[in-house]
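# Descriptive analysis of the structure
The lines below spell out each chain.
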Amino acid sequence: MSSFSVREHVPSILVATLSSTFGVALLQGTDALATMIAADSTFGSSAAVAVALASVALVFIAIATYVGAVVTANTFSTIIAGRTRTIALLRLIGASARGQRAAVAREGLVVGVIGAAIGALLGTAATAGILGVASLAGVVPWLQYSFLEPVLAVPVVGVVLTTWIASWVGSRRVLTVSPMQAIGASHERSADSVAHRRGRNAAALVLVIIGVLLLGLGILAGLVSPAGVLIGVVGGMLSFTGVVLGAQVIMPRALRLVGRVLGGSASARLAAENAVRYPERSTRTTIGIVIGVTLITMFAVAGGTFQALFDRLLSGEEGAAEASATIDAVVAIFSVLIGFSALIAAVGLVNNLSLSVLQRTRELGLLRALGFTARQLRGMITAEGAQLTAAAVLVGLVLGFFYGWAGAQSLLALVTGSPSFVVPVVPPLLIVLLVMGAAVVTVVASIAPSRRATRVSPVTALAVE
Amino acid sequence: MEITTSDLGLVARVAQLSKSYGSGATEVTALRDVSIGIRKGEFTAIMGPSGSGKSTLMHIMAGLDTPTSGRVWIGNTDISGLGDTELTMIRRRRVGFVFQAFNLVPTLDIEGNILLPFELDGRRPSPQERAWIDELVDSLGLRDRLRHRPHELSGGQQQRVAIARALGSRPELVFADEPTGNLDSRTGREVLSLLASATRSAGQSIAMVTHDPVAASYADRILFLADGAVVEDRGRSSAAEISSFMLEMEQAV
Ligand SMILES: Nc1ncnc2c1ncn2[C@@H]1O[C@H](COP(=O)(O)OP(=O)(O)OP(=O)(O)O)[C@@H](O)[C@H]1O
Ligand SMILES: [Mg+2]
């Protein structure tokens, strides 16, 4: 049965395209950089430099692809939620649940292939364009740049595979659709299986505990040697994996907390309820942004702390300004690279809000019939978007601050000569950018759905399918 | 000077009302040249075969849908020319609804759903209103269900919640589309008595669409629709009289 609708899959194709474009362009870019360095023979072994650059690039690509996969899994599960009735009807007339799920996964494979291919072309075009313009302008030398390194297969194939897997994960709900739902009441229920999550939550907790202990150990070791930061890195990776795994426990709580701030008007209260209606869905909607904001904040806080310390120690000394500029540049580059993952996560949030509004047409019609004004409806949807974004940014900010400080503390405790406490510094620019980013995401995410929602005629709520 | 709706003892009125959907070859006329009024403080039943235009008439009278031609009043307000926000306010403050299906907001519990009209208006129920809501909740058997979500209730229970919501804020006019369609006969009778007493004790006016002659026998007045037009307007009748009239109508086709 072919129910493949391109329109439904545009957001997932976009996410796959973004991941693939990013991966291809970044690898081609680092390869070009390595080519330039090799031509400029003052550096040592150019092969080693190329490998090092590509490795760093691959880390960022992995992050972007992972975020993309989470977004896609979520999009698919939302699409499935919207198709429940159709699937139930097919089940009623004899289709098997496994067959239905396999069909959805095939759609995921197609989406992945289309996105990865478009991304490969776009990424190559972008790199070639930038290098061409830069060479013409004399910023970079005219060299024989290569655009077809075998390593490019990593992001392209990676995107296809992760999109495929994500669609499989996201389609798990198909198995829980019972034929009864074709004839049953129209009220949806949130079928988040709690039992399923027990083991996962336990694993998450263990990871967080071990990770935090290691971070603490790293900080203590840092009082003796800067190498303590290496223990901290392991602790950070473990604990953050734990946080991502256990996000279903954390995010709904954060959403409730932010929801309370929204106020007590009818639209704010309904928005708050909507945002936690499907804890699983809102968790996956927000986790990408949490990851992005955590990493950006971590780099910014570590960088800012680093810089404040050096400014104090080296003030007046030669080279202080240069060192400071280098730190700035490194933090900026890392932020832009992570920012790409945050962009993918934002696409996911925008898409998810639209889909969930689309699926709530009847409910919105009912609210209109009972006396919700178009304006209240718009307010409700915007509040929902704001709540999702704000919760994600806040959690990311807290985590990133902690990781950034822990890193700086373990690495820099001895810088002043004797072991001491490193005061964390939060760059104001970071806060400004995050708040602006959150506002933009909220507005963009709410425009289309609220326009659509206010066009819903109250009568649609009453139509008996 | 024009005669106002209230001068006629009506709470709602339509004049030369027509409604068609689509255009050209696929055009469907749901209502043709209907002129009727709903009398104040009366319990009016609207009957007629499936597709005769009952729901459409109700939606237009309630300001949910717009007529193709003709005029509509709620109270003395001509709503045919009103903008979206003004219409919304009228629905919010002056009209209550019980729909044929999908009545409740799934994210709110039962109490939240019943209090939604107050909440939309940004106010809390007064002590008198509170007492009236308590009475409704008890007589509809919803007392121990207040903390449940709609999907945890049966279809009939959901319908009763919708009735409590529609009557709770004492709007001057309540529209109910087959409110007893999902109920067993005993609960159905209770709901109907409740609707009837709401008109008597609280002076509310109720317009109810129904296919059931027994349900219609609770009404003070019965309107029959066929093919988009009012074909009969009669006072209180017994279930047997209503059934035999419905049979006649069917045989006339
Ligand atoms: N949105 C619509 N688009 C096209 N035709 C419609 C629409 N809504 C209603 N109709 C048509 O208008 C006519 C009257 O419909 P209406 O829903 O008012 O009937 P009804 O008397 O309430 O029927 P029932 O007893 O089955 O609920 C029907 O022929 C129906 O097909
Ligand atoms: Mg109807």
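It should be emphasised that the depicted structure is a prediction, and the values quoted were computed from it without experimental measurement.

## Quick word on the nonpolar core
Counting 107 residues, the largest nonpolar core has L57 and F175 of chain B as its most contacted members. With 13 residues, helix α12 (residues 374-412) of chain A is the single largest residue contributor to this core. Per-domain counts for this core show at least three residues from each of domain 1 (1-187) and domain 2 (191-465) of chain A. Contact partners of L57 of chain B, with chain neighbours within four places excluded, come to V14, L17, L31, V34, I36, I46 and L225 of chain B.

## Some remarks on the interface of chain A and chain B
On the side of chain B, 28 residues touch chain A, which itself brings 28 residues to the contact. Roughly 2,700 Å² of surface becomes buried between chain A and chain B when both sides are summed, with 64% attributable to carbon and sulfur atoms. In this structure, the connection of chain A to chain B is made through 3 salt bridges. When the shortest N-O distance is used, the salt bridge between R269 of chain A and E119 of chain B registers 3.0 Å. Within the residue set of the side of chain A that touches chain B, elements represented by two or more residues are α8 (266-275), α11 (361-370), α12 and α14 (458-462) of chain A. Counting residues per element, the side of chain A that touches chain B draws most heavily on α11 of chain A, at 7 residues. Looking at side-chain class alone, the side of chain A that touches chain B contains 13 nonpolar, 7 polar and 8 charged residues.

## Comments concerning the UniProt feature "domain: ABC3 transporter permease C-terminal" (unreviewed entry) in chain A
Those places that UniProt annotates as "domain: ABC3 transporter permease C-terminal" (unreviewed entry) correspond, in this numbering, to residues 59-179 and 336-458 of chain A. Annotation note: span residues 336-458 of chain A, helix share 82%, strand share 0%, distance between end C-alpha atoms 45 Å.

## Brief notes about the pattern of salt bridges
Any two side chains of opposite charge can pair if their charged atoms end up close together. All names here are of chain B. Summed over all chains, the structure comprises 27 salt bridges over all chains. We note a salt bridge from D121 to R92, for which the minimum N-O separation is 3.5 Å. With D121 in the loop between α3 (110-120) and α4 (127-139) and R92 in helix α2 (residues 84-94), the pair connects residues that are 29 residues apart, well separated along the chain. The exposure class of D121 is partly exposed, given its relative accessible area of 21%. Looking at R92, the relative accessible area reads 8%, which means it is buried.

Reading the values: rules and limits
- Residues numbered from 1 in each chain as written.
- Chains lettered and ligands numbered in written order.
- Predicted model: local features only at pLDDT ≥ 70, side-chain atom pairs only at ≥ 80, totals over all residues.
- Heavy atoms only, no water.
- Core = buried A, V, L, I, M, F, W, Y, C linked by side-chain atoms within 4.5 Å.
- Buried < 20%, exposed > 50% of the residue type's maximum accessible area, 1.4 Å probe, protein only.
- Helix = DSSP H or I, 4+ residues; strand = E, 2+ residues; numbered from the N terminus.
- Domains from an automatic or database assignment.
- Contact = heavy atoms within 4.5 Å.
- Buried area = accessible area lost by both parts, 1.4 Å probe.
- Salt bridge = Lys/Arg side-chain N within 4 Å of Asp/Glu carboxyl O.
- Nonpolar A, V, L, I, M, F, W, Y, C, P; charged D, E, K, R; others polar.
- UniProt positions renumbered as here; feature names shortened; annotations may be inferred.

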